[in-house]
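Descriptive analysis of the structure
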Amino acid sequence: MTVFDIAWLAVLARGLATAGFVGGVIALMERSSPFIGGIVLALPIVTAPAYLFLLLQHDAGFIATAAQGSLATIGAVLLFIAVVIGLARHLPMPAVLACALGTWFMVGLAIRLLPASIFISLGILAVAALIAWLVGRTASLTAPAARSRSPLFEIVLRGAMAGVLVIGVSLLAELFGPRIAGIFASFPVALLAVCWFLPRRLDATGIRAAMRATQIGMVSHIPFFFSLTLLGPVLAAEDWPRFTAFGLGIAGSLLVALTLGLLRRRQMKRVNAA
C-alpha cells in the first residue's frame with residue numbers, strides 16, 4: 001500500500017467516523033440529556049482516526065510535533081464553544097457559528113505562526129481554558145429535554161453532511177503540510193455539524209447546557225495528545241509497539257469521560273435527594 005493510498009484511507013476513515021459520531025451524538029442528546037451528549041461529543045473520536053493513519057505514515061517525532069499543535073488547538077476549540085455559549089441566546093445559529101469559526105481560525109493562525117513547543121501549547125491552552133471557563137460558568141448544566149426526536153433519515157443525513165465536511169477539511173490539511181495537518185486534526189467539524197442542527201430540537205438553554213458539558217468534556221482530549229507528545233517518542237526509543245502511546249491516550253480519554261459522567265450522576269443524586 002502506497003503513502004497516497006494510506007492518506008486517502010485516513011481521509012475516508014475520518015469522514016466515516018465523523019458521520020457515525022455526529023448522528024449518534026444528536027440521537028443521544030435527544031434521548032438522554034444535553035450533558036451526556038456534550039460529554040460524548042467532546043471525546044476525540046473524530047481526531048483519533050486522523051492520528052491512527054498518521055502513525056502509519058510517520059515516525060514518533062513527527063506525531064509528537066503534530067500532537068503539540070493539536071494540544072494548542074484544543075484552546076481554539078474551547079473558545080469556539082465559548083462563543084456559542086455566549087451568543088446562542090442572542091443570534092441565529094448560522095451567525096453564531098460564523099463568529100465561532102472566525103475565532104477558531106484566528107487562534108489557529110496564531111498557533112501556526114508560533115514555534116512548536118509543548119510549553120507554548122500548554123500556555124495557549126491555559127489562557128483559552130480560563131476564558132472559556134469565565135464564559136461557560138454563565139450557562140446551566142441542567143436544561144429541558146429535546147422538544148422532539150429526529151427521524152432516522154434526518155440523523156443519517158446530518159451525519160453524512162458532517163462526514164463530507166471533514167473529508168474536505170482533511171484534504172485541505174494534507175495539501176498544506178504536516179504542521180497544518182496537526183492544527184486541522186482538531187478542527188471542530190463535529191461541533192459545527194451538531195450545533196447547526198441543534199436549534200430544531202433544543203432551545204437556547206439546552207444548547208448552552210450541551211455546549212458547557214462539551215467544554216468540560218474537552219479535558220478528555222488532554223490524555224490523548226499528551227500520550228502522543230510525551231510518551232510516543234519515549235516508547236518508540238524503547239522499542240514498544242508502534243500504537244502503544246495511541247492506545248494509552250484513547251484509554252486515558254475514555255477514563256476521563258467516564259469519571260466526568262459518574263461525578264455528574266453523583267451530583268444529580270445529591271440534588272434530587274435534597
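To start, this report covers the structure provided alongside it. (Residues numbered from 1 in each chain as written. Predicted model: local features only at pLDDT ≥ 70, side-chain atom pairs only at ≥ 80, totals over all residues. Heavy atoms only, no water.)

Our next topic: helix H11 (residues 221–237). Taking 1.5 Å per residue as the helical rise, H11 with its 17 residues ought to reach 24 Å, and the 24 Å between its terminal C-alpha atoms agrees with that figure. Of all bends in H11, the biggest is about 45 degrees, found at Leu 231, and the proline Pro 233 comes one to four residues later. Listed as buried for H11 are His 221, Phe 224, Phe 225, Ser 227, Leu 228, Thr 229, Gly 232 and Leu 235. Positive backbone phi, at 65 degrees, marks Asp 239, one or two positions downstream of H11. (Helix = DSSP H or I, 4+ residues; strand = E, 2+ residues; numbered from the N terminus. Expected span 1.5 Å × (residues − 1). Bend = angle between axes of the 7 residues up to and from the residue. Buried < 20%, exposed > 50% of the residue type's maximum accessible area, 1.4 Å probe, protein only.)

Now for the packing of helix H4 (residues 60–87) against helix H6 (residues 118–136). When two helices pack together, you describe them by how their axes are tilted relative to each other and by the distance separating the axes. For the pair H4 and H6, interaxial distance at closest approach is 8 Å and the crossing angle is 15 degrees. Overall, the two elements H4 and H6 adopt an arrangement that is roughly parallel. Once H4 is placed against H6, the crossing between them reads as left-handed. Residues Gln 68, Gly 69, Leu 71, Ala 72, Ile 74, Gly 75, Leu 78, Leu 79, Ala 82, Ile 85 and Gly 86 of H4 form the contact with H6, whose participating residues are Ile 118, Ser 121, Leu 122, Ile 124, Leu 125, Ala 128, Ala 129, Ile 131, Ala 132, Val 135 and Gly 136. The residue inventory of the contact of H4 with H6, partitioned by class, reads 16 nonpolar, six polar and no charged. (Axes fitted to C-alpha atoms, helices over the stretch in contact; angles between N-to-C directions. Parallel < 35°, antiparallel > 145°, perpendicular 65-115°, else oblique. Left-handed = near helix turned anticlockwise from the far one by under 90°. Contact = heavy atoms within 4.5 Å. Nonpolar A, V, L, I, M, F, W, Y, C, P; charged D, E, K, R; others polar.)

Judged by nonpolar contacts, the single largest core of 58 residues is most densely connected at Tyr 51, Phe 80, Ile 81, Val 84, Trp 104, Ile 207 and Met 211. Only helix H3 (47–57), H4, helix H5 (93–113), H6, helix H8 (178–184), helix H9 (189–197), helix H10 (204–217) and H11 provide two or more residues apiece to this core. Counting seven residues, the second largest nonpolar core, distinct from the first, contains Phe 35, Leu 43, Leu 141 and Leu 260. (Core = buried A, V, L, I, M, F, W, Y, C linked by side-chain atoms within 4.5 Å.)

Since there are 3.6 residues in each turn of an α-helix, residues three or four apart along the chain are aligned in direction. Taking 1.5 Å per residue, 19 residues should reach 27 Å; H6 reaches 26 Å between its end C-alpha atoms and fits that length. Within H6 the residues assigned to the buried category are Ile 118, Ser 121, Leu 125, Ala 128, Ala 132 and Gly 136. Seen end-on, H6 carries its buried residues on one side only, within an arc spanning 105 degrees. Those residues of H6 that are exposed and angled more than 90 degrees off the buried face are Phe 119 and Val 127. Close packing links the buried residues of H6 with H4, H10 and H11. Two or three places before Phe 119, at the opening of H6, Ser 117 has a side-chain oxygen 3.2 Å from that residue's backbone nitrogen. (Arc of directions from axis to C-beta. Polar contact = N/O pair within 3.5 Å; in protein donor to acceptor, adjacent residues only side chain to side chain.)

Turning our eyes to something else, we now look at the packing of H4 against H5. Remark: H4 packs on H5, axes separated minimally by 8 Å, with the N-to-C direction vectors making an angle of 155 degrees. Between H4 and H5, the angle falls in the class roughly antiparallel. In the crossing of H4 with H5, the sense of the turn from one axis to the other is right-handed. Where H4 approaches H5, its residues Gly 69, Ala 72, Thr 73, Ala 76, Val 77, Leu 79, Phe 80, Val 83, Val 84 and Leu 87 are matched on the opposing element by Val 96, Leu 97, Cys 99, Ala 100, Leu 101, Thr 103, Trp 104, Val 107 and Ile 111. Class assignment of the residues belonging to the contact of H4 with H5 gives a composition of 16 nonpolar, three polar and no charged.

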